[in-house]
Amino acid sequence: MQKFESTSSLKDFLTVSHVEEIAVQSLDLTEIESLMLNITFSKCLFLGCSMSDDLLHHLLPENFIFPALDVPFNTYPNQLYNKKTLYNGFNRHEPETYLKTLDKIVYDYYQKSHEELSIKDTLAQRLHDHSITDSLHEYISQYNERNLVAIMGGHKIKRTDEMYVKVASLAKSLTESGYLMLSGGGPGAMEATHVGAWMAGRSEAELHQAIDILSAAPVYSDDNWLSSAFEVMEQFPEPQFDSLGIPTWHYGHELPTPFATKIAKYFENSVREEGLLAIAKGGVIFTPGSAGTMQEVFQDLAQNHYESYGYASPMIFLNIEFWTKDRPIFPIIQQMSERGDLMNLNLGLYDNNEEVIEHLRKFSE
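Residues numbered from 1 in each chain as written. Predicted model: local features only at pLDDT ≥ 70, side-chain atom pairs only at ≥ 80, totals over all residues. Heavy atoms only, no water.

### As for the overall build of the chain
Now for step 1: The secondary structure content of the chain amounts to 15 helices and 13 strands.
Now for step 2: Radius of gyration (C-alpha) of the chain: 22 Å, near the 21 Å computed for a compact globule of 365 residues.
Now for step 3: For the chain, the C-alpha atoms occupy an extent of roughly 70 × 55 × 45 Å along the three principal directions.
Now for step 4: By residue count, 51% of the 365 residues in the chain fall in the buried class. (Helix = DSSP H or I, 4+ residues; strand = E, 2+ residues; numbered from the N terminus. Rg over C-alpha atoms; globule rule 2.2 N^0.38 Å. Buried < 20%, exposed > 50% of the residue type's maximum accessible area, 1.4 Å probe, protein only.)

See the structure below:
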């Protein structure tokens, strides 16, 4: 089914007397109403479109009209978010302006909706997430799937930590090598992934300069965490490459990193986590983390064992000490793989970025 996400492209398409099985998403149709009233439509989807009563009656009953629901977000977003849409109106010199951004308004609504458990709200959230998934897959379709690489890791990693710098440098190198970097889109190792991608094409010295600015607010709970990010983006504007963050309002107290140029923000965390691991067909790099990262390791393990998405992708563990002693799950996974209890695994355990890059390069060839 052909989909239209701009009024101009729909107008250019409407050159026939009858239109069948198209999808029109979140458009204001009033400006092309006279044109549409002279065309018959059947079996078409109209999702959250603005239209007059005359056009509505013209389209009924041969088409499927899904109205926008009364919630503080677009029920049918036709594109991914970015820092401008989520952080609309934010002024880094006045951190309190975050309270009036779309991201904060929707998070407050989300918390309240879970107290009331309204069927309208749960429906609106599912419809929103469906549209985000549709936009997400449309976006990544332009990439070689083996060049989609995710970095997973703890949200508590500080901007001043050695691992933060290592992840940012790794993401920078991978981005410059043609990979699209993915993450859960939050703070810590996730933010470092997108900082590296944002700085790709610039020098290592400039990357460290950016991290120095960020280090003034080392953790996501600092008042100036978001402001310092916007300061870096002002100093180093117009990134040469994209990166994709996939955060959730389920963890809305952890702000989404604005360094991700494309943001697929979900309500339902389980859909978001499964989807992130599923699309990272170029491999997943696991950096130190706690319970959430452990969960992601075993989710990815199951996907690769069963080849749920066509084939197994690399599972790379960065930081030998952590994954063999602090959280000694790598030796268990390796042993089970070697004796045939786990199948199809492509494992790596490294301390330096060069080995990680070489492992991914061999897989993507």
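Right, picking up where we left off after that structure.
### Some remarks on the sheet that holds strand E12 (residues 314–318)
Now for step 1: The seven strands lie next to each other as E10-E9-E8-E7-E11-E12-E13, forming an open sheet whose pairing is parallel. Only two strands of the sheet have a single partner each, and these edge strands are strand E10 (262–263) and strand E13 (346–350).
Now for step 2: Relative to strand E11 (residues 283–286), strand E7 (residues 148–152) runs parallel, the two sharing four bridges. Among the inter-strand pairings, Val149 is bridged to a residue of E11, identified as Gly283. (Pairing = 2+ DSSP bridges.)

### Focus on the nonpolar core
Now for step 1: Leu136, Leu182, Leu244 and Trp323 are the most contacted members of the largest nonpolar core, which totals 45 residues.
Now for step 2: Membership of the second largest hydrophobic core comes to 40 residues, among which are Phe90, Leu174, Ala210 and Ile316. (Core = buried A, V, L, I, M, F, W, Y, C linked by side-chain atoms within 4.5 Å.)

### Structural notes on the packing of helix H9 (residues 204–214) against helix H10 (residues 225–235)
Now for step 1: Running from N to C, H9 and H10 cross one another at 150°; their axes reach a closest spacing of 8 Å. The angle between the axes of H9 and H10 places the two elements in the roughly antiparallel class. Where H9 crosses over H10, the two elements pack in a sense that is right-handed. Here H9 contributes Gln209, Ala210, Ile213 and Leu214 to the contact with H10, which in turn contributes Ser228, Ala229, Glu231, Val232 and Gln235.
Now for step 2: Residue classes in the contact of H9 with H10 are distributed as five nonpolar, three polar and one charged. (Axes fitted to C-alpha atoms, helices over the stretch in contact; angles between N-to-C directions. Parallel < 35°, antiparallel > 145°, perpendicular 65-115°, else oblique. Left-handed = near helix turned anticlockwise from the far one by under 90°. Contact = heavy atoms within 4.5 Å. Nonpolar A, V, L, I, M, F, W, Y, C, P; charged D, E, K, R; others polar.)

### Thoughts on the packing of aromatic side chains
Now for step 1: Taken as a whole and assessed by the stated rule, the structure comprises 19 aromatic pairs.
Now for step 2: With a centroid separation of 4.8 Å and 45° between ring planes, the pair formed by Phe4 and Phe13 is classed as tilted.
Now for step 3: Judged by relative accessible area, Phe13 falls into the partly exposed class, the value being 28%.
Now for step 4: Relative to Tyr98, the ring of Tyr87 lies with its centre 6.1 Å away and its plane at 55°, an arrangement referred to as tilted. Of this pair, Tyr87 sits in the loop between helix H4 (83–86) and helix H5 (102–116) while Tyr98 sits in the loop between H4 and H5; the two residues are 11 residues apart in sequence, bridging distant segments of the chain. Like Tyr87, the residue Tyr98 is buried in the burial classification.
Now for step 5: Three or more aromatic residues joined by ring pairs make a cluster, and in this case those are Phe73, Tyr81, Tyr109, Tyr110, Trp249 and Phe267. (Phe/Tyr/Trp six-rings, centres within 6.5 Å; stacked < 30°, edge-to-face > 60°.)

### A few points about the sheet that holds strand E1 (residues 2–4)
Now for step 1: Pairing is parallel in the open sheet, where four strands are placed in the order E1-E3-E5-E6. Edge strands, defined here as strands with exactly one partner in the open sheet, are E1 and strand E6 (64–66). Neighbour-to-neighbour, the strand axes of this sheet turn through a mean angle of 15°, independent of strand direction.
Now for step 2: With three bridges joining them, E1 and strand E3 (residues 22–25) adopt parallel strand pairing. Among the inter-strand pairings, Lys3 is bridged to a residue of E3, identified as Ala23.

### Remarks on the environment of Ile279
Now for step 1: Along the chain, Ile279 turns up in helix H11 (residues 269–279).
Now for step 2: Along the primary structure Ile279 and Ile140 are separated by 139 residues, whereas in three dimensions their C-alpha atoms are 8.5 Å apart.
Now for step 3: Leave out the neighbours within four places in its chain, and Ile279 touches Leu136, His137, Ile140, Leu148, Leu182, Leu244 and Ile246.

### Observations concerning a negative patch on the surface
Now for step 1: Taken together, Glu321, Asp326, Asp351, Glu354 and Glu355 make up a surface patch of like negative charges.
Now for step 2: At the level of secondary structure, the elements contributing two or more residues to the negative patch comprise helix H13 (320–326) and helix H15 (353–364).
Now for step 3: Along the chain, Glu354 turns up in helix H15.
Now for step 4: Of the residues examined, Glu354 reaches a relative accessible area of 57% and is grouped as exposed. (Patch = residues over 30% accessible without salt bridge, like charges linked within 9 Å, V, L, I, M, F, W, Y side chains within 5 Å. Areas by Shrake-Rupley, 256 points an atom, 1.4 Å probe, with all protein chains shown as cover. Salt bridge = Lys/Arg side-chain N within 4 Å of Asp/Glu carboxyl O. Lys, Arg positive; Asp, Glu negative; His and termini not counted. Charge placed at Lys NZ, Arg CZ, Asp CG, Glu CD.)

None of the figures reported here should be taken as evidence of function without further support.
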